[in-house]
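# Inside the fold
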Amino acid sequence: MNQTPSVFKCFNMSNIPVSTSQLPTWYLDWQSEFDASSLNMTNIEQQALASLIPLLLCGEQSAQLVFSNEIERLNNHNKEKYSQAVLALSTIEAEENAHELALQSVLMRLPKADNLSKIKRRAQLFYASLGKAETVIEHFILIRQLDSYVAIIMSHMARSQLGRQHLVSQLFNHIKNDEAGHVSIARRHIISLGGEVNQSSKLIRSLSSRLCQLLSPQESSFINLGVDIEHLLEKIEKNNE
């Protein structure tokens, strides 16, 4: 059985099927509990999430495309040599798919953001810019760094005023833990390709700056969730190593 999110599309995902057997163990339990629960948040909190979750979904969809393309490239290049890398990257792809499915479920229950098309366009431009790296190694250096930033963002959102026990907060915590694992896998992949993790410091500084520019217009949404946006942006800007 394949899972195909159908609510919010930032990128075309039609060629990336992921079976339920590949999804992380936490996902089905979380999804079952969420489906049986009420949303349990204020209108202001709902509106805040309605503006923030599309940004996250664009990232999850972009990540799935990146890892799917890299898996295909490795299989075509030297399938036997990169079999372990393909297995690790397939795990990441499945986890990103679970993140998307869960976030889509939350978004379905939220009101539509007034500026959704603008949010979507800004996110598309940001994530598409990652593909402009000159080499596969540089691309994955950026992906690794972005995963570390996403873990920071999810850590802050998991500690919002919704409370740690809220199912949406639990989802953010699951995503944070998965993304932290992705950082390690991406690091090993960079090294296996003959690269050095810190060889593109200028690109990384540019990435953190552009990500902060993407998040800053949503300041009021973060504030309405009780997330310290200034501290969040500061941590992103300092996490450039």
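All figures in this text were calculated on a predicted structure; none of them were measured in a lab. (Residues numbered from 1 in each chain as written. Predicted model: local features only at pLDDT ≥ 70, side-chain atom pairs only at ≥ 80, totals over all residues. Heavy atoms only, no water.)

## Brief notes about the overall build of the protein
When you go through the protein residue by residue, the secondary structure sums to nine helices and zero strands. Each helix (α) and strand (β) of the protein, taken in turn from the N terminus, gives the series α-α-α-α-α-α-α-α-α. For 241 residues, the compact-globule estimate of 2.2 N^0.38 gives 18 Å, and the C-alpha radius of gyration of the protein, at 17 Å, lies within 12% of that figure. Expressed along its principal axes, the backbone C-alpha trace of the protein runs to roughly 50 × 40 × 30 Å. For the protein, buried positions account for 56% of its 241 residues. (Helix = DSSP H or I, 4+ residues; strand = E, 2+ residues; numbered from the N terminus. Rg over C-alpha atoms; globule rule 2.2 N^0.38 Å. Buried < 20%, exposed > 50% of the residue type's maximum accessible area, 1.4 Å probe, protein only.)

## A look at the packing of helix α2 (residues 43–78) against helix α6 (residues 167–192)
Contact geometry of α2 with α6 gives a least axis separation of 14 Å together with a crossing angle of 30 degrees. Taken together, the axes of α2 and α6 lie roughly parallel to each other. Considering only the axes of α2 and α6, their crossing is left-handed. For the pair α2 and α6, contact is made by Leu 49, Leu 56, Glu 60, Glu 70 and Leu 74 and by Val 168, Phe 172, Ile 175, Glu 179 and His 189, respectively. (Axes fitted to C-alpha atoms, helices over the stretch in contact; angles between N-to-C directions. Parallel < 35°, antiparallel > 145°, perpendicular 65-115°, else oblique. Left-handed = near helix turned anticlockwise from the far one by under 90°. Contact = heavy atoms within 4.5 Å.)

## Topic: the packing of helix α5 (residues 136–158) against α6
It is at 8 Å that the axes of α5 and α6 come closest, and there the two elements cross at 160 degrees. Between α5 and α6, the angle is such that the two are roughly antiparallel. For the element pair α5 and α6, the recorded crossing hand is left-handed. Classifying every residue of the contact of α5 with α6 gives 14 nonpolar, six polar and five charged. (Nonpolar A, V, L, I, M, F, W, Y, C, P; charged D, E, K, R; others polar.)

## Examining helix α9 (residues 229–238)
Every buried residue of α9 is accounted for by Ile 229, Leu 232, Leu 233 and Ile 236. Within α9, the buried residues cover an arc of 95 degrees as seen down the axis, which keeps them to one side. Seen from the open side of α9, the exposed residues pointing more than 90 degrees away from its buried face are Glu 230 and Lys 238. Looking at the packing, one finds that the buried side of α9 touches α5, α7 (201–215) and α8 (219–224). Two to three positions downstream of the cap, the backbone nitrogen of Glu 230 sits 3.3 Å from a side-chain oxygen, assigning the N-cap of α9 to Asp 228. (Arc of directions from axis to C-beta. Polar contact = N/O pair within 3.5 Å; in protein donor to acceptor, adjacent residues only side chain to side chain.)

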